[in-house]
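Geometric and topological summary
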Amino acid sequence: MDRASDSFVWRSLISVRSILLHGSLWRVGDGSNIKILLDIWVLSLPCGCPLVLKCEPPTAYVSSLIIVDIGLWNSVVVKACCFDEDAEAILNLPLKANATDRFFGRYLVMCPLCGSDKISLIHFLKFCARSRLRWKCAGLSLKGESW
């Protein structure tokens, strides 16, 4: 719900929040920030995550599937908790010891502002002509516009 006191930038970001979230995914580090069933983190699966867990609670974090100290999947736990296709996709994800989870934009089907078929968060914030025009009309510019 927009309030009169909300800034143009804030209202703009809120209006595309679901687009940005659905077009983004987590890169697994230690798994402590990623919910197994609620976040998009396995790009090779149709929904971006396993659909069902057989042995972990629905709110479990990816860290429960990792031997964090050495940065390896706990294949016994993954295979016990996930169906075969999901387990295989998870076990094929690369891990590193002592890494942190990272949130990335990924390409969406089409930019709702300009119709580009290759959009990412960077595209939306920097390269989309209509988005840049909206920033300019609001009297705003992105820091480091030369990136």
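This text gives an overview of the structure that appears in the document. Note that the structure is a prediction, hence the values are computed from the model and not measured.

A few words on the environment of tryptophan 41. Turning to its location among the elements, tryptophan 41 is positioned in the loop between β1 (24–27) and β2 (66–67). Judged by its relative accessible area of 2%, tryptophan 41 falls in the buried class. Residues tryptophan 41 and leucine 25 lie 16 residues apart in sequence; the distance between their C-alpha atoms is 5.3 Å.

Moving on, we get to the state of the cysteines. Structurally, a disulfide amounts to a covalent bond that connects the sulfur atoms of two cysteines. This structure, assessed with the given rule, holds one disulfide. Just so you know, cysteine 82 is unpaired, no disulfide at all, and the nearest cysteine sulfur is the one on cysteine 81, 6.0 Å from it.

In summary, soluble globular proteins display a tendency toward joint burial of nonpolar side chains. Within the largest apolar cluster, 22 residues are counted, with the highest numbers of intra-cluster contacts made by Val28, Ile36, Trp41, Val42, Val62, Trp73 and Ile90. Here this core takes three residues from helix α4 (residues 84–91), the largest share from any one element.

Let us now look at the environment of tryptophan 73. Mapped onto the fold, tryptophan 73 is located in strand β3 (residues 72–73). By relative accessible area, tryptophan 73 is classed as buried at 10%. Reaching out from tryptophan 73, the side chain makes a polar contact with the backbone oxygen of leucine 93 at a distance of 2.8 Å.

The next subject is the packing of aromatic side chains. Summed over all chains, the structure comprises two aromatic pairs. The ring centre of phenylalanine 83 lies 4.9 Å from the NZ or CZ of lysine 54, which sits over that ring.

So, on to the environment of alanine 89. Tracing the chain through its elements places alanine 89 in helix α4. Sequence spacing of alanine 89 and leucine 43 is 46 residues, and the spatial spacing of their C-alpha atoms is 8.7 Å. Not counting chain neighbours up to four residues away, the residues in contact with alanine 89 comprise Val42, Ser44 and Leu45.

Our focus in this paragraph is the side chain of aspartate 86. In this structure, aspartate 86 sits in helix α4. Lysine 54 is the oppositely charged side chain nearest to the buried, salt-bridge-free aspartate 86, at an N-O distance of 9.0 Å. Excluding residues within four positions of it along the chain, aspartate 86 makes contact with Leu45, Pro50 and Leu51.

Scoring rules and cut-offs
Residues numbered from 1 in each chain as written. Predicted model: local features only at pLDDT ≥ 70, side-chain atom pairs only at ≥ 80, totals over all residues. Heavy atoms only, no water. Helix = DSSP H or I, 4+ residues; strand = E, 2+ residues; numbered from the N terminus. Buried < 20%, exposed > 50% of the residue type's maximum accessible area, 1.4 Å probe, protein only. Disulfide = S-S within 2.5 Å. Core = buried A, V, L, I, M, F, W, Y, C linked by side-chain atoms within 4.5 Å. Polar contact = N/O pair within 3.5 Å; in protein donor to acceptor, adjacent residues only side chain to side chain. Phe/Tyr/Trp six-rings, centres within 6.5 Å; stacked < 30°, edge-to-face > 60°. Lys NZ or Arg CZ within 6 Å of the ring centre and 35° of its normal. Contact = heavy atoms within 4.5 Å. Lys, Arg positive; Asp, Glu negative; His and termini not counted. Salt bridge = Lys/Arg side-chain N within 4 Å of Asp/Glu carboxyl O.

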